[in-house]
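Commentary on secondary and tertiary structure
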There are 2 protein chains.
Amino acid sequence: MNRQIILKSRPVGLPTAENFEIVVASSVTASNGELIVKAKFVSVDPYMRGRMSDAKSYVAPFELGKPIEGGVVAEVLESHHPDFKEGDVVLAPLKWQEIQAVSAEKITKLDKNNTHLSYYLGILGMPGLTAYFGLLDIGKPVSGETIVISGAAGAVGVVVGQIARIKGCRVVGISGSDEKNAYLSDELKFDEVINYRTTGSMRKAIEKACQDGVDIYFDNVGGEISDAVISQINQGARIIICGQISLYNETKMPVGPRLQAMLLKKRALMQGFIISDYYNRFPEGVKQLATWLGEGRLNSQETIVKGFEKLPEAFIGLFEGKNTGKSLVEIE
Amino acid sequence: MNRQIILKSRPVGLPTAENFEIVVASSVTASNGELIVKAKFVSVDPYMRGRMSDAKSYVAPFELGKPIEGGVVAEVLESHHPDFKEGDVVLAPLKWQEIQAVSAEKITKLDKNNTHLSYYLGILGMPGLTAYFGLLDIGKPVSGETIVISGAAGAVGVVVGQIARIKGCRVVGISGSDEKNAYLSDELKFDEVINYRTTGSMRKAIEKACQDGVDIYFDNVGGEISDAVISQINQGARIIICGQISLYNETKMPVGPRLQAMLLKKRALMQGFIISDYYNRFPEGVKQLATWLGEGRLNSQETIVKGFEKLPEAFIGLFEGKNTGKSLVEIE
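Computed from a prediction, not measured in an experiment: that's the story for all the values here.

So, the pairing of strand β3 (residues 34-43) of chain A
Residue and element names in this part refer to chain A. Extensive coverage of β3 is indicated by the burial of seven of its 10 residues. With five bridges connecting them, β3 and strand β6 (residues 99-103) associate as antiparallel partners. Of the residues in β6, the one forming a bridge with Lys38 is Ile99. When β3 meets strand β4 (residues 69-79), the two strands line up antiparallel, connected through seven bridges. Bridging from a neighbouring strand, Leu35 pairs with Ser79 of β4.

Comments concerning the packing of helix α2 (residues 126-139) of chain B against helix α3 (residues 155-166) of chain B
Residue and element names in this part refer to chain B. For the pair α2 and α3, the least separation of the axes is 8 Å and the interaxial angle reads 45 degrees. Looking at the two axes, α2 sits oblique to α3. In the packing of α2 onto α3, the handedness of the crossing is right-handed. Residue-level contacts link Pro127, Gly128, Thr130, Ala131, Tyr132 and Leu135 of α2 to Ala155, Val156, Val159, Val160, Ile163 and Ala164 of α3. When its residues are assigned to classes, the contact of α2 with α3 shows 10 nonpolar, two polar and no charged.

Regarding the sheet that holds strand β9 (residues 170-175) of chain B
Pairing in this open sheet of 12 strands is mixed, and the strands run β10(A)-β9(A)-β8(A)-β11(A)-β12(A)-β14(A)-β14(B)-β12(B)-β11(B)-β8(B)-β9(B)-β10(B) from one edge to the other. Bordering the open sheet on either side are β10 (192-195) of chain A together with β10 (192-195) of chain B, each of which pairs with just one other strand. Averaged over all pairs of adjacent strands, the angle between their axes in this sheet comes to 15 degrees, without regard to strand direction. Relative to strand β14 (residues 269-272) of chain A, strand β12 (residues 233-241) of chain A runs parallel, the two being bridged by four bridges. Looking at the pairing, Ile239 of chain A lines up with Met270 of chain A of β14 of chain A. Relative to the sheet, helix α3 (residues 157-166) of chain A contacts β8 (146-150), β9 (170-175) and β11 (214-219) of chain A, its axis offset from that of β9 of chain A by approximately 165 degrees. On the sheet, α3 of chain B packs against β8 (146-150), β9 and β11 (214-219) of chain B and is oriented at approximately 165 degrees with respect to β9 of chain B.

Section: the interface of chain A and chain B
Between chain A and chain B, the contact holds 30 residues from the first and 30 residues from the second. For the side of chain A that touches chain B, the secondary structure elements donating two or more residues are β13 (255-257), α7 (260-265) and β14 of chain A. Ranked by the residues each element gives to the side of chain A that touches chain B, the list is headed by α7 of chain A, at five residues. Of the residues in the side of chain A that touches chain B, the class split is 16 nonpolar, eight polar and six charged. The pairing of β14 of chain A with strand β14 (residues 269-272) of chain B spans three bridges and is classified as antiparallel. Paired with Met270 of chain A across the two strands is Met270 of chain B, which belongs to β14 of chain B.

What to know about the relation of the copies chain A and chain B
Note on the copies: chain A fits chain B at an RMSD of 0.0 Å, the axial shift is 0.0 Å, and the rotation between them is 180 degrees. Taken together, these values place the two copies in the relation of a two-fold axis. Interface residue correspondence from chain A to chain B reaches 100%, placing this contact among same-surface, isologous pairings.

Focus: the nonpolar core
Residues Val148 and Tyr217 of chain A together with Val148 and Tyr217 of chain B are the most contacted members of the largest nonpolar core, which totals 201 residues. Excluding residues that lie within four positions of it along the chain, Val148 of chain A makes contacts with Val172, Ile174, Ile206, Cys210, Val214, Tyr217 and Val229 of chain A.

Topic: the environment of Lys167 of chain A
Residues and elements named next belong to chain A. Structurally, Lys167 can be placed in the loop between α3 and β9. For the pair Lys167 and Leu263, spaced 96 residues apart in sequence, the C-alpha separation works out to 25 Å. Not counting residues up to four positions away in its chain, the partners in contact with Lys167 are Pro141 and Ser143.

Digging into α3 of chain A
Residue and element names in this part refer to chain A. Within α3, eight of the 10 residues are buried, which leaves the element mostly enclosed by the surrounding structure. Looking only at α3, the buried set comprises Gly157, Val158, Val159, Val160, Gly161, Gln162, Ile163 and Ala164. Packed against the buried residues of α3 are α2 (126-139), β8, β9, α4 (178-186) and β11. A positive phi of about 85 degrees marks Gly168, the residue just after α3.

What about the packing of α2 of chain A against helix α8 (residues 282-294) of chain A?
Residue and element names in this part refer to chain A. It is the contact of α2 with α8, at a shortest axis distance of 10 Å, that shows an interaxial angle of 100 degrees. Considering their axes alone, α2 and α8 lie roughly perpendicular with respect to each other. Touching Gly128, Leu129, Tyr132 and Phe133 of α2 are Phe282, Gly285, Gln288 and Leu289, all from α8. When its residues are assigned to classes, the contact of α2 with α8 shows five nonpolar, three polar and no charged.

Section: the confidence of the model for chain A
Considering every residue of chain A, the mean pLDDT works out to 95; 99% of them sit at 70 or more. Listed scores for the predicted complex are pTM 0.92 and ipTM 0.90.

What about unusual backbone geometry?
For Arg267 of chain A, which is not glycine, the phi torsion reads 45 degrees and is therefore positive. Relative to the elements of secondary structure, Arg267 of chain A occurs in the loop between α7 and β14. The partly exposed category is assigned to Arg267 of chain A, around which 18 C-beta atoms lie within 10 Å. Notably, Lys189 of chain B is not glycine yet its phi reads approximately 65 degrees, a positive angle. Here Lys189 of chain B is to be found in the loop between α4 (178-186) and β10.

Some thoughts on helix α5 (residues 202-209) of chain A
All names here are of chain A. Within α5 the residues assigned to the buried category are Ala205, Ile206 and Ala209. All buried residues of α5 lie within an arc of 95 degrees about the axis, which places them on one face of the element. Elements in contact with the buried residues of α5: β8, β9, β10 and α6 (224-230).

Each value, and the rule that gives it
- Residues numbered from 1 in each chain as written.
- Chains lettered and ligands numbered in written order.
- Predicted model: local features only at pLDDT ≥ 70, side-chain atom pairs only at ≥ 80, totals over all residues.
- Buried ≥ 20, exposed ≤ 12 C-beta atoms within 10 Å, placed from the backbone.
- Helix = DSSP H or I, 4+ residues; strand = E, 2+ residues; numbered from the N terminus.
- Pairing = 2+ DSSP bridges.
- Axes fitted to C-alpha atoms, helices over the stretch in contact; angles between N-to-C directions.
- Parallel < 35°, antiparallel > 145°, perpendicular 65-115°, else oblique.
- Left-handed = near helix turned anticlockwise from the far one by under 90°.
- Contact = placed C-beta atoms within 7 Å.
- Nonpolar A, V, L, I, M, F, W, Y, C, P; charged D, E, K, R; others polar.
- Least-squares fit on C-alpha atoms with pLDDT ≥ 70 in both.
- Core = buried A, V, L, I, M, F, W, Y, C linked by C-beta atoms within 7 Å.
- pLDDT = per-residue confidence, 0-100.
- Arc of directions from axis to C-beta.

If you want it as structure tokens, here you go:
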């Protein structure tokens, strides 16, 4: 039996298990130029929430009754393309389906002797590249500067903080649990950590953690956490808008303090970006990330759940703060 | 009798005549290295409102009981510095005072045969340079793009629109009067104009005027006008935060839609800037502006009021939409 997971209904607010359905896929056949592949690691990412709504965004919405799609590491079962053979391991944007046919054009072959194939969905994949280009290209960190990262224990945040440390910055991470913060402090050597759920006043916590103000804010979360951070920016600050996970499940237009006067006063920059715009520079990013990883200057952190049927749960968990680092589902 | 205008009380909300007082200045004497000058043209600028509050900002607040200060074109009555002589015309940051002593170090000598000495406070001065660097350096206009300018009939806005036309952009100006808009359309050849006071829905007006969306937004105004413009930005849009005049008189933190999700979706940039940061590049800007002016590709527009005692009124008028182009007071 070959299972797939479809979008049964569009979430209103926080996604629930009822928005998804596991169904049996129709039989899989491959034509010339296609491969039949079996999913090994399936990525769950916050941006997918956007595709579950039908609002116009930078990627087309998922269709109702059709399978969810996302990044997958898969094994080739059958190849109808000369560049691939049975047993190859590949990275591709695929359906949430155990076994499927895919055009060879959409596929990247991976080194299957690499023991960490899942890294291609995390630190060497989209989240790692997001951290790399967002921080270096927009944030332009300078040694000695203070950077604040919201969603610091997420797939992107853990990489941003580590690269910022390599660049000599003072790193302040915000997450929603003491356990995550202990990991950020103890393992990743972040200079300061703040638990936004338990700190009394975010503004005071930021003031205390950033006594010289905030030079770079790498924002994955948005909302009131951002209000507190932005109130403390320095002249010439750079605010990188990478995600707004706290707002993805809002059902009406979120309101907050108008920021323009602050950006003006501080000559600050705020820039949204989407990693796919850096597509042509991915090889540069992967090479540097792999080098730092090999030198032990970067650590990978993953939250792996086993079982295809766990995909909706793992996805919903992203919005409940359940993962530390990259969240993945391993298919057995 | 030598008059000066002091800040009598800090405005709460819109400044009023009562916040100012005309007093008699103490006698003026110049030491070595100083000049005695007589004001000819005194600039009133929206940014001065910030200095009337005691909140920390990018320039120090004016002191209560002390004269207001700003850009002035003045004539030298007496020189104690070898580089200047009686009859020279100079540009300097000066007190709102008819006759005063000033250190030669703070002074730029102007070509007194130029019939348009007031231009050095407008199109060839701070507002012109603000338009030049803000638009070209941050906005990076590309021929065929659509730019929206709020406060389009103000000292900065009229220059931004004209430079954008030189660069081949489609220019949409927003102002608060049909008379100003007629000037923008008929004289400056803006492609579309919107009167924000009389249009029913700003959002619909922007949609109609910008059928291909907004690539650049040069914002002098902020508030709900900006909400409407930003709702229509294109991918890769640049939002230049030059001023927020609609909010300068607010007495509490203004609230509005959170913009980060839009900036993210559109990979858009929002950047605040202060013209003094471009100080080293002023000569480049003045040279280019003067060239365009000489070629008839730029027009200067000024609203000149006569009489030293009119300074508070001219300043307050900035917030009442009274000026078209650069607002100045000519001292007789």
